[in-house]
Amino acid sequence: MAARTLRRLAAVTVLIVALLSLSACGANSKKITIGTKFDQPGLAAKKPDGTLAGFDIDVATYVAKQLGYQPDDIEWKEAPSGQRENLIQNHQVDFIVATYSITDARKQKVSFAGPYLVTGQSLLVRADNNEITSVESLQNHKKLCSVSGSTPAQRIKDKYPGVQLQQYDTYSACLEAVKTGAIDALSTDEVILAGYAAQAPGAFKLVGKPFSVEKYGIGLLKGDKELRQKINDAIEKMQKTGEWQAAFDRNLGPAGLSAPPPPPLDTNINAAGGAKRVDLWGTYGGKIVKAFWTTIQLTLLAAVGALILGTVLAAMRLSPVPVLRWLGTAYVNVVRNTPLTLIILFCSFGIGNTLRITLVDPHSPTAVVDSNFRLAALGLTVYTASFVCETLRSGVNTVPLGQAEAARSLGLSFGQNLRMILLPQAFRAVINPLGSVLIALVKNTTIASAIGVAEAALLMKEMIENTAALLAVGSIFAAGFVVLTLPLGLLFGWLGKRYAVVR
Amino acid sequence: MSEASVLYDAPGPRAQRRNLLFAAVIVAVIIAMVGWVLWQFESKGQLTEAKWHPFLTANLWTTYVLPGAVGTLTAAAVSIVLALVLGLLLGMGRLSDSRPVRWACSVFVEFFRAVPVLIMMLFAYFLFALYDVFPSRQLALAGVITGLTLYNGAVIAEIVRAGVYALPRGQREAAVALGLRPGQTLRLILLPQAVTSMLPVLVSQMVVVLKDTAIGYQITFVEMVRQGTNIGSAYSNYIPALLVIAALMISLNFALSALATRLEARMRQSRRTPDPLPVNTGVQEDTPGTPAA
């Protein structure tokens, strides 16, 4: 029977793999594939009905038309920031219009037409905020949000150390935090900010002058001079006919941004300077140690919390009071079935930003970092406690019935029975499984990177994006976790044997 | 100690009155807390009609929730199937008579149980992007599946091993007495029984996989939680969107957990199937570096 099951499993697997690879193909020669963002309001975003809209979309549609393609011939493809060069190099798109800044590093891999828009990093605040007028006024420990690992976030870290940086992994998360007032400002390219401001008229405003220069270009295959020339002609025509101005006003005007003069085309097709090589250990050694130290601290804090909460929950689930049993069961069932990512996001957005329980003094100069850390520890505690509770309960089940009966016949109350007879034996029986829970906790701390806690996984992301050494970076972090968890497993295995209850 | 009543006497009149009092106090405290949270949400404008009304429109479900659900379920289904295949192979490898095979499988299993799924996903995702292994549309899906398959494959390998060890010794001895080779013994006698007894544990492992697809959130995989945040940005109702997504995920996982428990109970009663491995709901996985029980 197993052989047949196995054969069926194999068949299903092959089928799924085949389907996956099939659905990827299917290019049509009459169509043109354009890469763009799907989540950048004002520039290129999916509307609730599934169609795309924004300035980038208008530019791309115009260019495509000049190349001889009607809007119906365009196949849009999502081009997230980290994948744009790959998409072009692998011929998966004909060109990319996706808030794509022209940089020398990128020119090593692709060619750019344009620029079709010049912008710069700027600030977005709530409409009623009059304290922040420029990036300098943020320097006294104001709270600023940006996307983790992005160029704007890196620039803030490097140039404005007095700013408290909150990193989330999407701009919409940042925007939500600014809206509730938990964070003072959001920073990225001005036009992107304008897109968000236009989405909720009257709620936000742009402040200060842009403090960097970003030239958005249209990315295409390196060395395709013919296409580049055609696209450049199309952009020029769009600017001359006033179509460019109209598209800008239509998409970004509602935010109060007036159209800048159309930029002159970039004539320098080649990159200046060679590719940079980064000395991994020299640049990041200290940071890696610090990140893993954060991982360890997070683990310890959550472990202590989860052990206490988990024991209380186990006692509740065993108690003679029905409502306590019911409460304990409900807690375990809900928490155990919720993805940890959701719990951590709730801790940050629900508890921290909305209920304003930040667990720190809001005026402290390190409020953002501390608050994220403590909220993440809270989330991990809440999650892990449900597993501690279940482990302990299974430990209580290993204690022979006679023990509890003997205790009761001696006249011990339920509390005494639990405290003096059951739990001490249960704990000794589940040392090994509790070790597993602890190890799972070590690994789960990586999920705290979703709310910008500077632990190992967040640094790994940053390093992958800033260095070209994927294999080395991956090995360093994998090795780090093996070093953390393997000894723990051995230690708990030994402890479990050493303290096992001999029966 | 399966009966809770062993720990205390059946409640008499006084205990019943005390229990009622407890219940009243606790319910009051819960109502007060929920009320406070609702009041806070209300004062922060999270409960307005504009934030909740979008959930009654079809667009929200077809554009956001459905693709998210499809992503979550696809990733979970493909991962669990692949993990099962990988887990069976690795489990058989660890039970093999050849020392190098055993050793290699052990290193593989221990390594992938020790590394966080997120680290594996990030690595796989960027590796696939760098070498153009998958088309960009499937890139995040491939990253998620790789991470989940490697990790859960390693966990299932341990479950397989535990399942084989849990069988009565007589099975292996009888097979040897009949002259079956070690491979035949494993394939024809031990694994079929072990796989059946593993079923409930596998279903509860499915819950772990479903929950862990949410980790793909961080590599832009279109699953439920990411779609939740996308709803939040499209309709500017971040908190309500996360609440709705949480409710959906919890119901789905709860149903699966309940299925695992029922399967276990049914198999324990039936005499035709071997005794199931206990669904050890408290333990998320085995400890790396220590042999399975």
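In what follows, the structure referred to is the one given above.
The rules behind each value
Residues numbered from 1 in each chain as written. Chains lettered and ligands numbered in written order. Predicted model: local features only at pLDDT ≥ 70, side-chain atom pairs only at ≥ 80, totals over all residues. Heavy atoms only, no water. Phe/Tyr/Trp six-rings, centres within 6.5 Å; stacked < 30°, edge-to-face > 60°. Helix = DSSP H or I, 4+ residues; strand = E, 2+ residues; numbered from the N terminus. Buried < 20%, exposed > 50% of the residue type's maximum accessible area, 1.4 Å probe, protein only. Pairing = 2+ DSSP bridges. Contact = heavy atoms within 4.5 Å. Buried area = accessible area lost by both parts, 1.4 Å probe. Salt bridge = Lys/Arg side-chain N within 4 Å of Asp/Glu carboxyl O. Core = buried A, V, L, I, M, F, W, Y, C linked by side-chain atoms within 4.5 Å. Axes fitted to C-alpha atoms, helices over the stretch in contact; angles between N-to-C directions. Parallel < 35°, antiparallel > 145°, perpendicular 65-115°, else oblique. Left-handed = near helix turned anticlockwise from the far one by under 90°. Nonpolar A, V, L, I, M, F, W, Y, C, P; charged D, E, K, R; others polar.

Q: How would you sum up the packing of aromatic side chains? Please name residues and give values.
A: Counted under the stated rule, the structure contains 19 aromatic pairs over all chains. Aromatic pair Phe414(A) and Tyr8(B): ring centres 5.9 Å apart, planes at 75°, arrangement edge-to-face. In this pair, Phe414(A) is assigned in helix 15 (residues 414-429) and Tyr8(B) in the segment before helix 1 (13-43), connecting two distinct chains. What makes Tyr8(B) buried here is its relative accessible area of 13%. Pairing Trp52(B) with Phe55(B) gives two aromatic rings, centres 5.8 Å apart and planes at 45°, and the pair type is tilted. Taking the relative accessible area as the measure of exposure, Phe55(B) reaches 10% and is therefore buried. Counting every residue linked through ring pairs, the aromatic cluster contains Phe55(A), Tyr116(A), Trp244(A) and Phe248(A).

Q: If you had to explain the sheet that holds strand 1 (residues 32-36) of chain A to someone new, which residues and values would you point to?
A: All names here are of chain A. Taken together, the five strands give an open sheet; going across it, the order is 5-1-6-13-7, and neighbouring strands pair in mixed fashion. In the strand order of this sheet, the two ends are held by strand 5 (74-78) and strand 7 (110-119), each with one partner. Judged from the seven bridges that link them, strand 7 and strand 13 (residues 214-221) form a sheet pairing that is antiparallel. Across the sheet, threonine 119 pairs through a bridge with glutamate 214, a residue of strand 13.

Q: Residues and numbers for the interface of chain A and chain B, please.
A: One frequently used descriptor of interface size is the decrease in accessible area upon assembly of the parts. With 99 residues of chain A in contact, the opposing surface of chain B contributes 87 residues. Buried area between chain A and chain B, summed over both chains or domains, comes out near 8200 Å², and the portion from carbon and sulfur atoms is 68%. When the buried area of chain A at its contact with chain B is split by residue, Pro48(A), Asn337(A) and Lys443(A) rank highest and sum to 8% of it. In this assembly, chain A and chain B are joined by one salt bridge.

Q: Let's hear about the nonpolar core: which residues, and what values?
A: By size, the foremost hydrophobic cluster in this structure holds 192 residues, and its most contacted members are Phe55(A), Phe95(A), Tyr116(A), Val191(A), Ile218(A), Ile231(A) and Phe477(A). By residue number, the principal contributor to this core is helix 6 (residues 136-165) of chain B, which donates 15 residues. Once residues lying within four places of it in the same chain are set aside, the contact partners of Ile231(A) are Val63(A), Phe95(A), Ala113(A), Ile218(A) and Leu220(A). Residues Leu144(A), Ala153(A), Val163(A) and Phe211(A) belong to the second largest nonpolar core, which totals 14 residues.

Q: Describe the packing of helix 9 (residues 224-235) of chain B against helix 10 (residues 238-269) of chain B, and please don't skip the residues or the numbers.
A: All names here are of chain B. Orientation of helix 9 relative to helix 10, taken along the N-to-C sense of each, is 155°, at an axis distance of 8 Å. The orientation of helix 9 with respect to helix 10, classified from their angle, is roughly antiparallel. Between helix 9 and helix 10 the crossing geometry is right-handed. On helix 10, the residues touching Met224, Val225, Gly228, Thr229, Ile231 and Gly232 of helix 9 are Tyr238, Ala241, Leu242, Ile245, Leu248 and Met249. Its residues assigned to classes, the contact of helix 9 with helix 10 comprises nine nonpolar, three polar and no charged.

Q: Explain helix 6 (residues 171-180) of chain A residue by residue, including any values.
A: Residues and elements named next belong to chain A. A large share of helix 6 lies buried, amounting to nine of its ten residues. What helix 6 keeps buried is the set Tyr171, Ser172, Ala173, Cys174, Leu175, Glu176, Ala177, Val178 and Thr180. Following helix 6 by one or two positions, glycine 181 adopts a phi angle in the positive range, close to 90°.

Q: I'd like a rundown of the side chain of Ser371(A), residues and numbers included.
A: One can find Ser371(A) in helix 13 (residues 367-398). Each residue touching Ser371(A), except ones within four places of it in the same chain, is listed here: Thr358(A) and Val360(A).

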